[in-house]
Amino acid sequence: MFKKIDHLGIAVEDLESAVQLFRDTLGLEYAGDETVAEQKVRTAFFPLGESSIELLEPTDPDSPVAKFIAKRGPGIHHIALGVDDTAKAIAELTARGVKMIDSVPRDGAHGAKIAFIHPKSTPGLLVEICQRKED
């Protein structure tokens, strides 16, 4: 079902400063940023091999990322696993007894279809399943 680690999501308080760090200081390729209104975040991506790093800055104080930062501080927010079909993956995981946050796919950055596995079904880790538009 899972093809690869698609990306690591990192919650940040200031996207511009974080972009500068990853692009200018660490020397990673910057693929641009995007606002994902449905998720209430601005994102910036840095491709790295078959995976990428996604920086997440909340655009609303009530967003899940803002609440994460308030509770735990900036840092790794989620790991995203690539799939061919998000809806099928949700069905398979649910049939295996995995608790899902999303019962249907929703829109993510770059036209991806995403869903989240509830941290109660993992060792406290937020796991995203991600179907890329180009996949």
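All values derive from a computational prediction rather than experimental measurement. (Residues numbered from 1 in each chain as written. Predicted model: local features only at pLDDT ≥ 70, side-chain atom pairs only at ≥ 80, totals over all residues. Heavy atoms only, no water.)

Bringing helix α1 (residues 15-25) into the picture now. Where α1 is concerned, the buried positions are Leu15, Ala18, Val19 and Phe22. Buried residues of α1, viewed axially, fall in a sector of 100°; they line one side. Phi for Gly27, located one or two positions after α1, is positive at around 80°. (Buried < 20%, exposed > 50% of the residue type's maximum accessible area, 1.4 Å probe, protein only. Helix = DSSP H or I, 4+ residues; strand = E, 2+ residues; numbered from the N terminus. Arc of directions from axis to C-beta.)

What the eight strands build is an open sheet, ordered β2-β3-β4-β1-β5-β8-β7-β6; its pairing is mixed. Of all the strands in the sheet, just β2 (33-36) and β6 (106-107) have a single pairing partner and so form its edges. On top of the sheet, helix α3 (residues 86-95) reaches β7 (113-117) and β8 (127-131); it is set at about 140° to β8, its chief contact. (Pairing = 2+ DSSP bridges. Contact = heavy atoms within 4.5 Å. Axes fitted to C-alpha atoms, helices over the stretch in contact; angles between N-to-C directions.)

What follows is about the environment of Ala66. Looking at the element boundaries, Ala66 is found in helix α2 (residues 64-72). Sequence-wise, Ala66 and Leu56 are 10 residues apart; in three dimensions their C-alpha atoms are separated by 9.5 Å. Excluding anything up to four places from it in sequence, Ala66 contacts Pro58, Asp60 and Pro61.

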